[in-house]
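# Per-entry structural report
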Amino acid sequence: MTGLAEGAAVAAPAGSPAAWAWLMAVVPLASAAVLLLVGRRLGRAAPWVAILSAGFSLTLAVWTAVWLGAREAGERTVVHTVATWLPAGDLEVDWAVLVDPLAVAMSLLVTGVGLLIHVYSLGYMEHDRDIPRFFAYLNLFLGSMLVLVLGESLLTLFVGWELVGLCSYLLIGFWFDSRANASAAKKAFVINRVGDVGFMIAMFVLFGAIGSLSLTEVLPAAEGLAGGTLIAVGLLLFLGATGKSAQIPLYIWLPDAMAGPTPVSALIHAATMVTAGVYLVARMSPLYVQIPEIGLVVAAVGAATALVAALIAVAQSDIKRVLAYSTVSQLGYMFMAVGVGAYSAGIFHLLTHGFFKALLFLAAGSVMHAMADRGDIREMGGLLRDLPITGGTAAVGTLAIAGFPLTAGFYSKEEILAAVADTAGGEVILAIGLAVALLTAFYMARWFALVFLGPRRFEELEDPPHPHESPLSMTLPLVLLAVASLGGGLLNLDPETGLLAGWLAPSVVAFEQTAAIIGHGLLEAIAIALALVGLAAGVLLYRGGPRVVSEASTPVVRFAQDAFRVDELYRAAIVTPGHWLAVGLAWFDARGIDGLVNGAGRGTAALATAGARVQTGFVRSYALAVLIGTVLLIAALVGVWMAAADDLMLLGGWR
Amino acid sequence: MSALAQQLPAGVEIPEIPWAAISPELTLFGAGILVLLLDTAGPRRRTSSVIALAILLGIAALAAIPGGAAPEIVALLVGAGVLQLALTLWLHTRPRLLGAVLTVVALVATIGIAAWQYQAAANGGMVGTESLLADMVAVDGVALFTRFVVAGAGILTVLLGFAYLQDRRIHRGEYYPLLLFTATGMTLLASAADLLMVFLAVEILSLALYVMTGLARRDMASQEGAFKYLLLGAFSSAFLLYGIALVYGATGTTHIATAGVALSDPGTPAGLVFAGIALMLVGFAFKVALVPFHMWTPDVYQGAPTPVTAFMAAATKVAAFAAFLRVFTGGMEQLAWIWVPAVSVLAAITMLVGAALAVVQDDLKRMLGYSAVAHAGYAAIGLVAVSEIGTGATLFYLLAYAIMSLGAFGILTILERRQRKAIAVADLRGLWQSAPSLAVMFALFLLSLAGIPGTVGFIAKFGIVRAAVDAGLVWLAVVLVISSVIAAYFYIRVIVAMFMDDEPAHLADAPVPPASAASTAVSVAAVGVIALGVLPPAVIDLAERAATFAG
């Protein structure tokens, strides 16, 4: 047990970057507000406001990282309270930031990749008529993610969590005049809400058990929690994570999130949003370390998601959709890692994936830019000649995600597989992980081959596009991200002694090694072999263009193309019953409840009409009423007396 | 005075008369006499005024005898004499305005004196909660609070009525003296510490009200209402008097507190106790209009000239409840186990029947009449709580009701002037377009009557519910809520007609000279509804501190 688990947080020294870390989130948020309010008047300067604020956050993040790195290893968990937010009885929530190695690593990724995407958008969105709004949302997204990452309280974290959900809604539906985009945005929002409920209930349970939502209090106290509470909180938080991080059963929103502009996809898939779930589980590691069996559930869900998404990705033909399913699949890897307690491996893969997935999406955006917004990879081919920078960097990204030796993806994936191999009961998960490694290499090679190699199929289209390389604002981020994808492995060359592992040690609690399913050297050899086989097969099979599907396998391919028809399953199992339930309830409300109310109203009116008839207008009947009332009153009083008479007799009573 | 006492035969005591304590009643009564005098004098009212001045100066001289009244009183008497002379000289050609001004002056003076008494009582210096005039009158919290409300309601009534009575050609000279006499009766009723004084006060206020109800001599509804009110009032007075007689027979006293103690003595004949309580209960229930003794209310409220109705709703209710509280909650606290169940049931029936019958009314005055019945039921809950909280809640409720009903009837007064007819719900369609400020204020009063938060009606109802729950009468609170739900229907029906009906009512909207006095009165009520609804603490505190009875 180290770091947070010991409650070793110290207050941020005044003037240190940790005391200013809150500005990291606030500046982009403020910039977003400015852009939303007066963005149109800023005109061409609007994107630069956004880029500058993102740059500010990155600078501050780097400074904070450097400052934190210079401190003693045991003093790298720093808390700074900005203001009191909710003083409500027992619940006291401050606006406080928690600066620790995990938070800093995350904020470096968020601000670094985020900044590159901001720059890229400068070129990509050049011709859009609503640039200020777009950049405002980007900034909002960045700031929200930083609120999430830096939040010292689960409630602050939740605020960021919800804001991120809101931003994804706003950005996926950025071109909201198309119905498909609007409904994709709605889908993302609604499905995320399902996970949010899990998060919320987990917070309620934690508050009930511990009486605080502050991470510096909750995490040390997690050790003393009852087993049932731990399991409930662990599962509920994971439900929240499956929403944001697109895992089974809530992954279905992510492929549809392609509807947004491509930089948004890159942002969602690489830097923000989907990393939130992994971050949450890593953040709560002192809790999960006590329930390794739940961790195994997490890992199993991750493995299943990785496999399903990889299989679907093989059959997709949209340039972004392949990448979207690959994200879901790679996130599965991350959950495999955090599930077996290899948090540094999980965060490592999160970072490297951030690099190469951002790279791939931005490359895809560059391709679509060149192809006049066409996205079907079957209609592309041979683009490497027209787009040398895009193609070259995309090749780097493909190799990295496939786990080609010495790329960033190779190291991070290797560590995950090794960690699974060290976990008792991890055999099946390990096998799936290896299978997914093969599939990943295959579908990414297919993707690359269809887009960049082979014959130039787009020339046969009506109105063929004339592809040309993208401007510098778009290619520069590609090159930088390619460098990161190549060299990212340096962050953690070894699972135990690597830079990142040592860095994260104060923040996360790793599980003990419980088994040795397979030797790490052999595992590495197998993984390399699988990656090479997958890559070779993909390139060789698809170099000549899309393949004709044989009749025998058509149904299977169809099934994969339709993403295993999970959407249809959900529609049949949940949406349609929900619809009918709503219709039924609406009917019940209209007929039953309203009927009851209306009936009560009519009944009262009828009674009153009858009652008003008593009011004849004749004084004699009024007097009669008074008389009857008097008699009844006397009778009532006597009745009361009779009821009490026995007691009074005992007391001597009235005569 | 001492010289006078020496000449009397031994054994006869001259009670020392605490002029200061009963000065509000004296002020009101004196002003009533004065206005009557000036009115009957006709063209010679300047002469009469001089005579009145002479009389007042004479009284002042008498009071100034050493050992008599305090110098302040002498100064007040002289001041009053000079003021009335000045006003008469100024307004001698406009007798109605003179009457109205003098009435308002008298009512303002009453409030001032009551405030002074309250201040003195709060400091512990004045009469406090003492019985005076041979235990006939008590000046205590309940009495003072009632004086405030009655005098305030009287001022607003004068303001509301002036133009209305003028237009309907029923602006008679006797209106203002009657108003002052009935106000005298009301304040006296609230401070009566003796059952005989209660009866006298009831008669004083009732007789004046009978006449005021029938003020519109050519209006059959007005005549019918007055006649019914007179007959049934006499009928119920008989019950009250009979009850008082039985209590006297059982206990040998008519002093409320003493009789209450004596009644609860096990040696007192049970039959007399029950009959006495029941008959007095009938008398009070009639005055505050509890079902089934409410039958007169809709007819009288509908028939009486609208400003009179407003005054009746606002002031009569508070005075009658004050006496009701004093006799039952105060005097017969020991016997609560006998009468609380019965009155609780009466209150419950009243709430439900009043609200339900209002639903089917179309005439707004009649609807508000039934609503007044329901509100009497709500106020009665504080009574049966038999606690200081309950008494305070009832007093505050009555204040709130006085403001709301004055406002609502005030709006009707203004509308009746414009449309020259009784107002039905349908006549209000589209009022929002033709008279937005009237519509908004009427909506405000109706919402307050319905008890919507943000208005005084809510605060008042909340106090009542709290008192009921504190007293363990949760079922009454539940009935109150049910009744309020029913009542909300007819209040909101009017609002819907005013604001949401697209087709405006086609009515002669006669161009009448604007009555700034009436508008002022209604605005004051509106401000009161909101101010007390948003910031009620000061007045609630006043009402709770007023929840004390003279021993």
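Going by the structure above, here's the rest.
Within every chain, residues take consecutive numbers counted from 1 along the sequence as written. Here every chain gets a letter starting at A, and every ligand a number starting at 1, in the order they are written. Selection of residues for local features in this predicted model requires a pLDDT of at least 70, selection of side-chain atom pairs for listing and counting requires 80 or more, and totals for whole chains, interfaces and linings are taken over all residues. Values reported for side chains reflect all heavy atoms of the structure, with hydrogen atoms and water molecules removed beforehand.

### Focus on the overall build of chain B
Secondary structure counts use DSSP, requiring at least four H or I residues in a row for a helix and at least two E residues in a row for a strand, with both numbered from the N terminus. Looking only at helices and strands, chain B features 22 helices and two strands. Any residue under 20% of the maximum accessible area for its type is buried, any over 50% is exposed, and the rest in between are partly exposed; the area is computed with a 1.4 Å probe on protein chains only. Here chain B holds 551 residues, and 60% of them are scored as buried. Of the contacts made within chain B by residues no fewer than 6 positions apart, 79% connect residues no fewer than 24 positions apart. Carbon and sulfur atoms form 69% of the exposed surface of chain B, whose accessible area is close to 20,000 Å². By definition, residues are in contact when any of their heavy atoms lie within 4.5 Å. Here the accessible surface of atoms and residues is derived via Shrake-Rupley with a 1.4 Å probe, and residues count as covered only by protein chains that are part of the display.

### Quick look at the overall build of chain A
What chain A contains, in helices and strands, is 25 helices and three strands. Scored against the burial criterion, the 655 residues of chain A give a buried share of 55%. Across chain A, the fraction of contacts at a sequence separation of at least 24, relative to all contacts at a separation of at least 6, is 82%. As presented, chain A carries roughly 25,600 Å² of accessible surface, and 68% of it is formed by carbon and sulfur atoms.

### Some words on the packing of aromatic side chains
Centres within 6.5 Å are what make two rings of Phe, Tyr or Trp a pair, Trp counting through its six-membered ring; a difference in plane orientation under 30 degrees is then read as stacked, over 60 as edge-to-face, and the rest as tilted. Enumeration over the complete set of coordinates arrives at 32 aromatic pairs over all chains. The structure contains a cluster of three or more aromatic residues connected by ring pairs, namely Tyr210, Tyr229, Phe286, Trp296, Tyr301 and Phe409 of chain B. One cation-aromatic arrangement involves Arg446 of chain A over Tyr542 of chain A; the distance from NZ or CZ to the ring centre is 5.1 Å. Lysine and arginine charges are scored as sitting over a ring when NZ or CZ, respectively, is within 6 Å of the ring centre and within 35 degrees of the ring normal. The positively charged end of Arg620 of chain A is found above the aromatic ring belonging to Phe618 of chain A, 4.4 Å away from the centroid.

### Observations concerning the packing of helix α9 (residues 220-251) of chain B against helix α12 (residues 296-303) of chain B
Residues and elements named next belong to chain B. Throughout, an axis means a line fitted to C-alpha atoms (over the contacting stretch in the case of helices), and angles, computed between N-to-C directions, take values from 0 to 180 degrees. For the pair α9 and α12, interaxial distance at closest approach is 8 Å and the crossing angle is 145°. The two elements α9 and α12 meet at a crossing, and its hand is left-handed. Packed against α9, whose contacting residues are Ala221, Ser222, Glu224, Gly225, Lys228, Tyr229 and Leu232, the element α12 presents Trp296, Asp299, Val300 and Gly303 at the interface. Under the scheme applied, nonpolar residues are Ala, Val, Leu, Ile, Met, Phe, Trp, Tyr, Cys and Pro; charged residues are Asp, Glu, Lys and Arg; polar residues are all the others, including Gly. By residue class, the composition of the contact of α9 with α12 is five nonpolar, three polar and three charged. With the far helix as reference, a near helix turned anticlockwise by less than a right angle produces a left-handed crossing, and one turned clockwise produces a right-handed crossing.

### Section: unusual backbone geometry
In this chain, Ile248 of chain A is followed by Pro249 of chain A through a cis amide linkage whose omega measures 10°. By secondary structure assignment, the location of Pro249 of chain A is in the loop between α9 (227-244) and α10 (253-256). Geometrically, the link from Val291 of chain B to Pro292 of chain B is a cis peptide bond, its omega value of 5° lying close to zero. With respect to the element layout, Pro292 of chain B can be found in the loop between α11 (270-288) and α12. We note that Asp373 of chain A has phi near 65°; this positive angle belongs to a residue other than glycine. Inspection of the secondary structure puts Asp373 of chain A in the loop between α16 (343-370) and α17 (388-402). Its identity is not glycine, yet Asp463 of chain A carries a phi of approximately 55°, on the positive side.

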